[in-house]
Amino acid sequence: MSAIIRQDPQELALHELSAENECNLDCQPVTDLLNQRVGINFGFYRPNTVGRRISRRMAQFQIDELSDYLTLLSADQAEVDALVKELLIGVTEFFRDPAVFSALGELLFKLLK
């Protein structure tokens, strides 16, 4: 089920737009499920960001309805993990970069002198 299906880029973009608009209306069931499963509350994330990430995952499985994707998430922990990873990557990348933290530490040290 986790195999990536190749699609026409234009078709994929249209699918993402459609799913994003739907998700902007009601992404809460997905964010609630993620909160239950992994203990992270994505309810405070920007709806457009969450919608884009969910729609991208839906497109990979050729799923058109958010309710069908929710069913997949309910049954497949690997998909839950994949969606969580996709939602977190842009947010946590800063915190996982040792060079950025080193530079920040040096700057803060200079400011606090």
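Residues numbered from 1 in each chain as written. Predicted model: local features only at pLDDT ≥ 70, side-chain atom pairs only at ≥ 80, totals over all residues. Heavy atoms only, no water.

Structural notes on the nonpolar core
Here's step 1: Ranked by size, the top nonpolar core spans 18 residues in total, and within it Val30, Leu34, Ile54, Tyr69, Leu73 and Leu83 carry the most contacts.
Here's step 2: When residues of this core are traced back to their parent elements, those giving at least two are α2 (28–38), α3 (47–60), α4 (66–75) and α5 (77–92).
Here's step 3: Residues within four places of Val30 in sequence aside, it is in contact with Ile54, Leu66, Leu70, Leu73 and Leu83. (Core = buried A, V, L, I, M, F, W, Y, C linked by side-chain atoms within 4.5 Å. Buried < 20%, exposed > 50% of the residue type's maximum accessible area, 1.4 Å probe, protein only. Helix = DSSP H or I, 4+ residues; strand = E, 2+ residues; numbered from the N terminus. Contact = heavy atoms within 4.5 Å.)

Observations concerning the packing of α2 against α4
For any two helices packed against each other, the geometry comes down to the angle between their axes and how far apart the axes lie.
Here's step 1: Here α2 crosses α4 at 10 degrees, and the two axes come no closer than 10 Å. Comparing their axes, α4 and α2 come out roughly parallel. In this structure, α2 contributes Pro29, Val30, Leu33 and Arg37 to the contact, and α4 contributes Leu66, Leu70, Leu73, Ser74 and Ala75.
Here's step 2: When grouped by side-chain class, the residues that make up the contact of α2 with α4 number 7 nonpolar, 1 polar and 1 charged. (Axes fitted to C-alpha atoms, helices over the stretch in contact; angles between N-to-C directions. Parallel < 35°, antiparallel > 145°, perpendicular 65-115°, else oblique. Nonpolar A, V, L, I, M, F, W, Y, C, P; charged D, E, K, R; others polar.)

Quick look at the pattern of salt bridges
As a working rule, side chains carrying opposite charge can pair if their charged atoms are close by.
Here's step 1: Summed over the entire model, instances satisfying the criterion amount to 3 salt bridges.
Here's step 2: Arg57 serves as the salt-bridge partner of Glu79, at 2.6 Å between the closest nitrogen and oxygen. Residue Glu79 is found in helix α5, and its partner Arg57 is found in helix α3; the two are separated by 22 residues along the sequence.
Here's step 3: Here Arg57 ties to Glu86 by a salt bridge, and the two come within 3.9 Å at their closest N and O atoms. (Salt bridge = Lys/Arg side-chain N within 4 Å of Asp/Glu carboxyl O.)

Side note on the environment of Ser74
Here's step 1: Tracing the chain through its elements places Ser74 in helix α4.
Here's step 2: For Ser74, a relative accessible area of 40% puts it in the partly exposed group.
Here's step 3: Between the C-alpha atoms of Ser74 and Leu33, which are 41 residues apart in sequence, the distance is 7.7 Å.

Here we look at a nonpolar patch on the surface
Here's step 1: Nonpolar side chains collect at one region of the surface, where Phe101, Leu104, Leu107, Leu108, Leu111 and Leu112 lie side by side and expose about 600 Å² of accessible area between them.
Here's step 2: Residue class for Leu107 comes out partly exposed when judged on its relative accessible area of 47%. (Patch = residues over 30% accessible without salt bridge, like charges linked within 9 Å, V, L, I, M, F, W, Y side chains within 5 Å. Areas by Shrake-Rupley, 256 points an atom, 1.4 Å probe, with all protein chains shown as cover.)

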